[in-house]
Amino acid sequence: MEIQLWREILDPYNLAVNELIVKFNHIIDEYKHVGAYSPIEQVTGRVKTISSILEKSQKKNFDLEGFEEKIDDIAGIRIICQFVEDIYKVVDIIKRRSDMRVKSEKDYINHKKESGYRSYHLAVYYDVETLKGKKELQVEIQIRTLAMNFWATIEHSLQYKYKQNMPEHITERLSSAAEAILILDREMSVVRDEIMDAQNSFTIKANIVADILTNIQNLYKVANKQDVIKIQDDFFRIYQNGDHEQLMQFNKELDIISARYRAQSLR
Ligand code: 0O2
């Protein structure tokens with residue numbers, strides 16, 4: 001196969017990965033904008049390298065003709081969550097979307113692999129638009145916790161280093177590390193509500209502060225400068241007190257003042 005052809009085949013997969021990263025990041029933003037906890041923590045993606053495609057065709061013993069049908073994960077998206085519960089929430093979100101159709105799923109969380117690997121895999125169909133028209137592609141979405149990702153990343157590197165000859169003592173270490181990760185995820189799930197509360201109030205506070213500062217900036221353009229400086233000083237004082245309720249009240253009052261100035265400027 002010519003190098004030019006590789007690029008032609010893989011380009012749409014690059015587009016799919018880029019689009020999906022934008023879409024999943026947008027989900028994070030949507031949650032943040034309403035001050036809610038996002039089940040998605042991070043999103044990454046990659047298109048399989050040519051060398052990795054060659055390696056897989058060798059390993060699985062198939063020829064390269066029509067390799068797109070034979071390799072499920074030419075396009076790969078990885079979604080990282082904080083808690084195991086979030087993984088299933090993300091799976092639901094994906095299943096409800098109209099721009100992805102689930103082809104198959106593998107639950108390596110309830111059924112971990114012999115290696116100790118845990119993750120939730122979805123193979124989805126996703127359409128991209130190219131100069132030649134619509135193309136339906138397969139994308140593999142791996143969903144896992146931060147802890148599972150830590151383990152899988154290390155194990156993947158060791159697999160790469162040792163190929164089929166991983167020393168026994170390292171396999172044992174990895175296996176006990178996988179157990180520790182399982183316990184860590186369980187422990188974290190127990191305190192999930194507390195952590196989510198703390199993160200929610202952090203996001204809400206950040207949103208209020210951003211609103212207040214936008215209001216102050218806008219007022220500075222139209223109101224008496226001394227008055228606005230006084231408003232800003234009041235804001236710093238309330239902010240230092242660290243009282244959420246007071247901050248929200250201050251923001252409401254500022255909204256009213258801003259609305260009054262807007263109405264005046266329309267007269
Ligand atoms: P890479 O380098 O990540 O792309 P298949 O996809 O058919 O070869 P299988 O087992 O039927 O293999 O599919 P599965 O289980 O869904 O695995 C697909 C991907 O999951 C792998 O892709 C890995 O990324 C990941 N994975 C599966 N098992 C393990 C494991 O034991 N350890 C780690 N670290 N990752 C795993 P590739 O193509 O193998 O690798």
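Only a predicted model underlies this, so the values are computations on that prediction, with no experimental measurement involved. (Residues numbered from 1 in each chain as written. Predicted model: local features only at pLDDT ≥ 70, side-chain atom pairs only at ≥ 80, totals over all residues. Heavy atoms only, no water.)

### Quick look at the site of the ligand
Selection rule: Note on terminology: near, applied to a residue and a molecule or strand, indicates that one of the residue's heavy atoms is within 4 Å of it. Nitrogen and oxygen atoms within 3.5 Å of one another constitute a polar contact, given that in protein one can donate a hydrogen and the other can accept it, and given that sequence-neighbouring residues count only through two side-chain atoms. Computed with the Shrake-Rupley method and a 1.4 Å probe, the accessible areas treat only the protein chains shown as cover for residues. For helices the rule is a DSSP run of H or I covering at least 4 residues; for strands it is a run of E covering at least 2, with both sets numbered from the N terminus onward. Residues are grouped as follows: nonpolar covers Ala, Val, Leu, Ile, Met, Phe, Trp, Tyr, Cys and Pro; charged covers Asp, Glu, Lys and Arg; every other residue, Gly included, is treated as polar.
Within the structure, the ligand sits among 17 residues, and K48, K60, Y108, S115 and E155 are positioned closest to it. Here K60 contributes a side-chain N or O atom positioned 2.7 Å from an oxygen atom of the ligand. At a separation of 3.0 Å, an oxygen atom of the ligand approaches a polar side-chain atom of H156. Considered on its own, the ligand offers 710 Å² of accessible surface; in the complex 77% of this is hidden by protein. The element best represented in the shell around the ligand is helix α5 (residues 146-162), accounting for four residues. Partitioning the shell around the ligand into residue classes produces three nonpolar, five polar and nine charged.

### Some remarks on the sheet that holds strand β1 (residues 42-47)
We apply this condition: Only when DSSP finds a minimum of two bridges between them are two strands counted as paired. A fitted line through C-alpha atoms serves as each axis, taken over the contacting stretch for helices, and the angle formed by two N-to-C directions is quoted from 0 to 180°. Only heavy atoms enter the contact rule, under which two residues are in contact if any of them lie within 4.5 Å.
If you walk across this open sheet you meet the five strands as β1-β2-β5-β4-β3, and the pairing is mixed. Of all strands in the sheet, those with a lone pairing partner are β1 and β3 (100-107), marking the two edges. For this sheet, the mean angle separating the axes of adjacent strands, direction not counted, is 25°. Relative to strand β2 (residues 75-81), β1 runs antiparallel, the two sharing six bridges. By the bridge assignment, T44 is partnered in β2 with R78. Of the strands in this sheet, β1, β2 and β5 (133-145) touch α5, which is tilted by about 100° from β5.

### Concerning the environment of I154
We count it as follows: The cut-offs for exposure are 20% and 50% of the maximum accessible area for each residue type, with area from a 1.4 Å probe on protein chains only; residues under the lower value are buried, those over the upper are exposed, and the others partly exposed.
Position of I154 relative to the elements: it lies in helix α5. Residue classification places I154 among the partly exposed residues on the basis of a relative accessible area of 41%. In sequence terms I154 and K135 are 19 residues apart; their C-alpha atoms lie 35 Å from each other.

### Points about the pairing of strand β4 (residues 120-130)
Here β3 pairs with β4 via seven bridges, running antiparallel. Among the inter-strand pairings, D107 is bridged to a residue of β4, identified as Y120. Where β4 and β5 come together, 11 bridges link them in antiparallel fashion. Residue pairing in the sheet places H121 in a bridge with Q142 of β5. Hairpin connection, β4 to β5: the antiparallel pair is bridged by two residues.

### Here's the deal with the nonpolar core
Worth spelling out the cut-off: Working definition of a nonpolar core: buried Ala, Val, Leu, Ile, Met, Phe, Trp, Tyr and Cys residues. They are joined through side-chain atoms within 4.5 Å.
The biggest cluster of nonpolar side chains holds 41 residues, and the ones touching the most others in it are F24, I77, I79, I94, V139, I141 and I143. Counting residues per element, the ones that place at least two in this core are α1 (3-33), β1, β2, α4 (84-96), β4 and β5. In this structure I94 touches F24, I79, M100, L122, V124, I141 and I143, once residues within four positions along its chain are discounted. Residues L219, A223, I231 and F235 belong to the second largest nonpolar core, which totals 13 residues.

Just geometry here; none of it tells us what the structure is for.
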